[in-house]
Amino acid sequence: MTIPSRHGNGATGMPTPRDIVYQIRSRRDTLSNTERKVADAILDDIAAAAGATVDQLAGKAGVSIATISRFARSVGCDDTRDLKLKLAQASAVGERFLDPSTPEESTFYARLYADIETTLREHLPLFTETLFERAAGIVRDARMTYVFGMGGASAVLSQELQSRLVRLGYAVAAYSDAVLLRMVAATLDERDVVVVLSTSGLTPEILAGARIVKQYGARMVTLTDPASPLAELADVVLPIHTAETDFIYKPSSSRYAMLLAIDILATELALARQEATQERLRRIKLALDEYRGGPNRLPLGD
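The following paragraphs examine the structure supplied in this document. (Residues numbered from 1 in each chain as written. Predicted model: local features only at pLDDT ≥ 70, side-chain atom pairs only at ≥ 80, totals over all residues. Heavy atoms only, no water.)

**Notes on the sheet that holds strand 4 (residues 219-224)**
- Taken in spatial order, the five strands line up as 2-1-3-4-5 in an open sheet, and their pairing is parallel. Sheet topology places strand 2 (172-175) and strand 5 (236-239) at the edges, where each strand pairs with a single neighbour. The average angle at which neighbouring strand axes cross in this sheet is 15°, direction not considered.
- Pairing geometry for strand 1 (residues 144-149) and strand 3 (residues 192-198), over six bridges, is parallel. Bridge assignment links tyrosine 146 to a residue of strand 3, and that residue is valine 194. (Pairing = 2+ DSSP bridges. Helix = DSSP H or I, 4+ residues; strand = E, 2+ residues; numbered from the N terminus. Axes fitted to C-alpha atoms, helices over the stretch in contact; angles between N-to-C directions.)

Spelled out as structure tokens, the structure:
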């Protein structure tokens, strides 16, 4: 039996990273006066501290090298080398997550609108009619469609795609649980299709499920980064590109591209069976009007 390490994750065997920035900030007030100088010197510029030698860090803080060693142990590191490694890991997330400046409230509304508009405009040339016709053809002819999506927008939008397709009369089910993904994938065959939503195409659980899907011959449509490992497994890739800005406080605008792709795919599938779709939508409208009333132009459950 494998025993997880002190900082390990028992579920995956992967090491759990120690957040050195949090450790320094949370322990700062309990440190000695000289160690507190080291903490302040590091927090002032984490990237610079990560790249500095121990001598340089001691010089910036105005303390001895021995103090740096004591500080490292005080914040949960084995030694100064371990401290430097963790600082390097912390700085690797990018300066935008360490910048203490606050955005102007008067401008971020415009930034939100602009990022959404830019994302949609950049994706429109990529979302070709031929590409969506191929994806719709795979879903249209399937015995059953399964939608996989985990984490953030992908999990939420997997439910959105299920809602779109079920009202068109397609047999569809959405899953976001890692264990269920594997279980469902193992039951499929060439009569089934899986639509996988993953902006990055890197999520380990999604990739594991996708590989099982391919093992048993089911078709796969992915909404993902076309350069990702997930895209390599797909029969059709509906490309989703991310270009995150330095404005970290807003949600990713890439989810609007994914929602646009879902809407286009659902409309293709609706028009593929136009007469049957019209009848189903008529029934839904009748059922909703009877239930809630309201004006004639209310949406069908959106």
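Next comes the rest of the description.
**Some words on the nonpolar core**
- Judged by nonpolar contacts, the single largest core of 31 residues is most densely connected at Leu165, Leu197, Val221, Leu223, Leu238 and Leu269.
- Counting only elements with at least two residues in this core, the list comes to helix 8 (129-140), helix 9 (152-166), strand 2, strand 3, strand 4, strand 5 and helix 13 (254-272).
- Beyond its immediate chain neighbours, meaning those up to four positions away, leucine 223 contacts Val195, Val196, Leu197, Ser198, Thr199, Leu238, Ile240, Met258, Ala261 and Ile262.
- If you look at the next biggest cluster of nonpolar residues, it comprises 23 residues, including Val38, Ile46, Ile68 and Cys77. (Core = buried A, V, L, I, M, F, W, Y, C linked by side-chain atoms within 4.5 Å. Buried < 20%, exposed > 50% of the residue type's maximum accessible area, 1.4 Å probe, protein only. Contact = heavy atoms within 4.5 Å.)

**Structural notes on the pattern of salt bridges**
- Within this structure, the stated rule accounts for 16 salt bridges.
- Between arginine 143 and aspartate 192 there is a salt bridge; the shortest N-O distance is 2.7 Å. One end of the pair, arginine 143, is in the loop between helix 8 and strand 1; the other, aspartate 192, is in strand 3, and 49 residues separate them in sequence.
- A residue is classified by how much of its surface remains accessible, and arginine 143, at 41% relative accessible area, is partly exposed.
- According to the relative accessible area criterion, aspartate 192 is buried, its value standing at 1%.
- A salt bridge links lysine 214 to aspartate 235; its shortest N-O distance comes to 3.3 Å. Taken together, the residues span a long stretch of sequence, with lysine 214 in helix 11 (residues 204-215) and aspartate 235 in the loop between helix 12 (229-232) and strand 5 at a distance of 21 residues.
- Classification of lysine 214 by relative accessible area gives partly exposed; the value is 30%.
- Relative accessible area serves as the criterion here: at 26%, aspartate 235 is assigned to the partly exposed category. (Salt bridge = Lys/Arg side-chain N within 4 Å of Asp/Glu carboxyl O.)

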